[in-house]
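Structural overview for review
The chain contents come next:
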Amino acid sequence: MSWLASVALVLLHAVYRLVLVYKSFRSDKEPRPIIAERSKLPSHLALALVTDPDADDESNEEYMVNSVEKVAGWCRVAGIRQLTVYDREGVLARCSLEIRKRLLPPFHKEDDDESPVECDIQYPLTPPPSDDADSRPLSPHSVSTLPKLNVTTMRFPPKPSQPKRRVSVQRGAIKRRRVSGNNQKAEEPLLTLHIISYQSGKPAVAAAAQTILNEIRQSKVHKSVTSSSAVPSLQELNAVLEGEHGFPSPDLMIVHRKPPISLLRPAVELSGFPPWQTRLTEIYWNPYPPTTTMWWRSPIEKGSSIQESEFRRALDEFASAEMRQGK
């Protein structure tokens, strides 16, 4: 009986392997272009990047920064106004200046007589140290009482239209005059980029709840507080976590793992992505990407990042998804 069970197990694995190969062929179907009209488009996209534990730190950092640069450009083309990028270890947050440097040129080109426009970078708040914390009153508007949510936010202005030049002749010489383009409509929308890590998830929820509890305890000293109001409400937590210093819930999340990837892979893992903002998020995870290592495909480059076909396929699946809002 033991040999019969072994043969059955081998046959089962062979069938499973054939199914994977068949699905990998079907996944090669060309998705629609980015600029194609879809029934619905996410207004907020999240990109969760999973590094290769066997690769060196430099290779993983290059993979993540290149992926952010690519996806940000595709979002601008598709008309997606908000992008949140995530990695568990916080490498992207440490590379925020490099990301800003890469994303600024497509938005603002330097001119001979004009200085480049800087983007608005909002780093996580760090309360100032104090020897006597009790001497400082707790206030919802006090910076020292805001929880540390570990969210870095960059706001990029729209790409300015190229100003027209009027040619006029003056004393035999040609002089070009710049015509103001203020009345011209910007071609591309504003892009807001949020950079988060594991510290923006469960630790941020705990910090926000602790901050609200401290404010409730402080209010007990001045006025009577009922037991029902002594517990932080979901609305209060949501206002802090998705407020000005946090980030809103994404409509679509793309989970991407750094290649090379073996044919047989585990199920999708969010790697600690903030759970509060993913209650109604559509998650895209391609278990059979075109970067899968197979004998008919070319080998994957060391620093390769997410491909445009995966981004377009994620938009196609989001457009065809049925949103029931948890019902």
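These remarks concern the structure in this document. (Residues numbered from 1 in each chain as written. Predicted model: local features only at pLDDT ≥ 70, side-chain atom pairs only at ≥ 80, totals over all residues. Heavy atoms only, no water.)

**Digging into the packing of aromatic side chains**
- Enumeration according to the criterion identifies three aromatic pairs in this entry.
- Plain terms: the ring middles of Phe247 and Phe273 are 6.5 Å apart, the flat faces sit at 85° to each other, and that makes the pair edge-to-face. Taken together, the residues span a long stretch of sequence, with Phe247 in the loop between helix 6 (234–241) and strand 8 (252–257) and Phe273 in the loop between strand 8 and strand 9 (282–284) at a distance of 26 residues. Like Phe273, Phe247 is buried.
- Grouped by ring-pair contacts, the aromatic residues Tyr86, Phe247 and Phe273 constitute a single cluster.
- Sitting above the plane of the Tyr198 ring, Arg88 keeps its charged end 4.5 Å from the centroid. (Phe/Tyr/Trp six-rings, centres within 6.5 Å; stacked < 30°, edge-to-face > 60°. Helix = DSSP H or I, 4+ residues; strand = E, 2+ residues; numbered from the N terminus. Buried < 20%, exposed > 50% of the residue type's maximum accessible area, 1.4 Å probe, protein only. Lys NZ or Arg CZ within 6 Å of the ring centre and 35° of its normal.)

**Some points on the pairing of strand 8**
- The buried fraction of strand 8 amounts to five of the six residues, a majority that puts the element mostly inside the structure.
- Bridge count for strand 1 (residues 44–50) against strand 8 is six bridges, and the pairing is parallel. Each residue of the ladder has a partner; that of Leu49, found in strand 8, is His256.
- The sheet contact formed by strand 8 and strand 9 spans three bridges and is parallel. Note that in strand 9 the partner of Ile254 across the bridge is Tyr284. (Pairing = 2+ DSSP bridges.)

**Regarding helix 2 (residues 57–78)**
- Taking 1.5 Å per residue, 22 residues should reach 32 Å; helix 2 reaches 31 Å between its end C-alpha atoms and fits that length.
- Its side-chain oxygen placed 3.2 Å from the backbone nitrogen of Glu58, Asp56 serves as the N-cap of helix 2.
- Directly beyond the C-terminal end of helix 2, a positive phi value near 95° is found at Gly79. (Expected span 1.5 Å × (residues − 1). Polar contact = N/O pair within 3.5 Å; in protein donor to acceptor, adjacent residues only side chain to side chain.)

**Observations concerning unusual backbone geometry**
- Despite not being glycine, Asn150 has its phi angle at roughly 55°, a positive value.
- You can see Asn150 is positioned in the loop between strand 3 (120–122) and strand 4 (152–156).
- Positive phi is not limited to glycine here, since Ser271 has a value of about 55°.
- Position of Ser271 among the secondary structure elements: in the loop between strand 8 and strand 9.
- Using a relative accessible area of 24% as the deciding quantity, one classes Ser271 as partly exposed.

**Notes on the side chain of Thr152**
- Relative to the helices and strands, Thr152 resides in strand 4.
- The buried category is assigned to Thr152, whose relative accessible area is 4%.
- Those residues in contact with Thr152 that lie beyond four places of it in its chain are Ser96, Ile121, Gln122, Tyr123, Pro124, Leu193, His194 and Ile195. (Contact = heavy atoms within 4.5 Å.)

**Things to note about a nonpolar patch on the surface**
- A grouping of Trp3, Leu4, Val7 and Leu11 is seen on the molecular surface, where their side chains present a nonpolar patch of about 430 Å² in accessible area.
- Tracing the sequence through the fold places Leu4 in helix 1 (residues 2–26).
- On the accessibility criterion, Leu4 (43% relative accessible area) is partly exposed. (Patch = residues over 30% accessible without salt bridge, like charges linked within 9 Å, V, L, I, M, F, W, Y side chains within 5 Å. Areas by Shrake-Rupley, 256 points an atom, 1.4 Å probe, with all protein chains shown as cover. Salt bridge = Lys/Arg side-chain N within 4 Å of Asp/Glu carboxyl O.)

**Points about a negative patch on the surface**
- Together, Asp57, Glu58, Glu61 and Glu62 make up a region of like negative charge exposed at the surface.
- Positionally, Glu62 belongs in helix 2. (Lys, Arg positive; Asp, Glu negative; His and termini not counted. Charge placed at Lys NZ, Arg CZ, Asp CG, Glu CD.)

**Considerations on the nonpolar core**
- Residues Leu45, Val71, Leu83, Leu92, Leu193 and Phe311 are the most contacted members of the largest nonpolar core, which totals 35 residues.
- If one sorts the elements of this core by residue count, helix 2 sits on top with nine residues.
- Each residue touching Phe311, except ones within four places of it in the same chain, is listed here: Ile34, Leu45, Val71, Trp74, Cys75, Ile80 and Ile254.
- Counting residues in hydrophobic clusters, the runner-up holds 18 residues, among them Val151, Ala208, Ile216 and Phe247. (Core = buried A, V, L, I, M, F, W, Y, C linked by side-chain atoms within 4.5 Å.)

No statement about biological role is implied by the geometric values presented.
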